[in-house]
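Topology and contacts: notes
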Amino acid sequence: MKLMIASDIHGSAKYCRAMAMRFAQEKADRLLLLGDLLYHGPRNDLPEEYAPKEVIKVLCSLKEKIFCVRGNCDAEVDQMVLPFPILAEYAVFAAGGHLLYAVHGQHLPKETPPLCPGDVLLYGHTHVPDCTEKNGILWLNPGSVSLPKEDSPRSYMTLQNGVFQWKELLSSRVYCTQHLS
């Protein structure tokens, strides 16, 4: 099974369509969204081609393939227009003998989940890609699809056969590869 992981669309129809196109090109089985789907938030500039209703259409076309955690810019009203659950604070699943814990990340690092060495923490929120190990726990952030920060590219991640790859959204250029041990 191949998983695509993306975060922080923030209502950009242009980059949501690019993400959907990349999902098809990757031939991924599922799309994990780490929150902040429709609204840009008060601290962000409007993303390019800000059109939440268009983002809704794109995401609805993938509804059977998406699972999602709630971002700090996601609200109950957003759930009313999206046909897949978006309000879970976290998701936990197994992959290749490892526990993967997915969260948006607005409370990190102050509030970290109870993880053990060998586990993986998937998070968004910062708009900055991360691929680091802390105390035996792999911290992975795909960056932002639409509003990257700190000179990072628009990006996403994939997980297949125990290998995470962080990739640039428009070109799919690989920036980081991390193997689960």
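Details of the structure are given in the entry above.
This structure is a prediction, so every number in the text was calculated from the model and none was measured. For every chain, the first residue of its written sequence is number 1, and the numbers climb from 1 along that sequence. For this predicted model, a pLDDT threshold of at least 70 governs which residues receive local features, and a threshold of 80 or more governs which side-chain atom pairs are given and counted, while totals over whole chains, interfaces and linings are taken from all residues. Note that water and hydrogens are dropped before the side-chain values are worked out from all heavy atoms of the structure.

1. Considerations on the overall build of the protein
- A run of H or I in DSSP becomes a helix once it reaches four residues, and a run of E becomes a strand once it reaches two; helices and strands are each numbered from the N terminus. Counting its regular elements, the protein contains three helices and eleven strands.
- When the elements of the protein are put in sequence order from the N terminus, they spell out β-α-β-α-β-α-β-β-β-β-β-β-β-β.
- Atoms counted for the radius of gyration: C-alpha only. Globule rule: 2.2 Å times the number of residues to the power 0.38. In terms of overall size, the protein behaves like a compact globule, its C-alpha atoms giving a radius of gyration of 15 Å where 181 residues would be expected to give roughly 16 Å.
- Dimensions of the protein, computed from the C-alpha atoms along their principal axes, are close to 40 × 35 × 35 Å.
- Using a 1.4 Å probe on the protein chains alone, a residue whose accessible area is under 20% of its type maximum counts as buried, one over 50% counts as exposed, and one in between counts as partly exposed. Counting the 181 residues in the protein, one finds 54% classified as buried.
- What makes two residues a contact is simply this: any of their non-hydrogen atoms within 4.5 Å. Restricting the contact set of the protein to residue pairs at least 6 apart, pairs at least 24 apart contribute 55%.
- Of the roughly 8,500 Å² that the protein leaves accessible, carbon and sulfur atoms contribute 53%. For the accessible areas, the method is Shrake-Rupley and the probe is 1.4 Å, while residue cover comes only from the protein chains on display.

2. Re the side chain of Asn 141
- With respect to the helices, strands and loops of the structure, Asn 141 is situated in strand β8 (residues 137-141).
- A relative accessible area of 0% means that Asn 141 is categorised as buried.
- A polar side-chain atom of Asn 141 sits 3.0 Å from the main-chain carbonyl oxygen of Gly 124.
- We call two N or O atoms a polar contact when they sit within 3.5 Å, provided that within protein one can donate a hydrogen and the other can accept it, with sequence-adjacent residues counted only if both atoms are side-chain atoms. A distance of 3.5 Å separates a polar side-chain atom of Asn 141 from the backbone oxygen of Val 128.
- In this structure, Asn 141 is in contact with Tyr 123, Gly 124, Thr 126, Val 128, Pro 129, Asp 130 and Met 157, ignoring residues within four places of it in sequence.

3. With respect to the nonpolar core
- Ile 9, Met 19, Leu 31, Leu 33, Leu 37 and Leu 59 are the most contacted members of the largest nonpolar core, which has 28 residues in total.
- Secondary-structure elements contributing two or more residues to this core are β1 (2-6), α1 (13-26), β2 (30-33), α2 (52-60) and β3 (66-68).
- In terms of residues, this core owes the most to one element, α1, which gives seven residues.
- Excluding residues that lie within four positions of it along the chain, Leu 59 makes contacts with Ile 9, Cys 16, Met 19, Leu 33, Leu 37, Ile 66, Leu 82 and Phe 84.
- In this description, a nonpolar core means a group of buried Ala, Val, Leu, Ile, Met, Phe, Trp, Tyr and Cys residues linked to one another through side-chain atoms lying within 4.5 Å. Judged by nonpolar contacts, the second largest core, of 19 residues, contains Leu 140, Met 157, Leu 159 and Cys 176.

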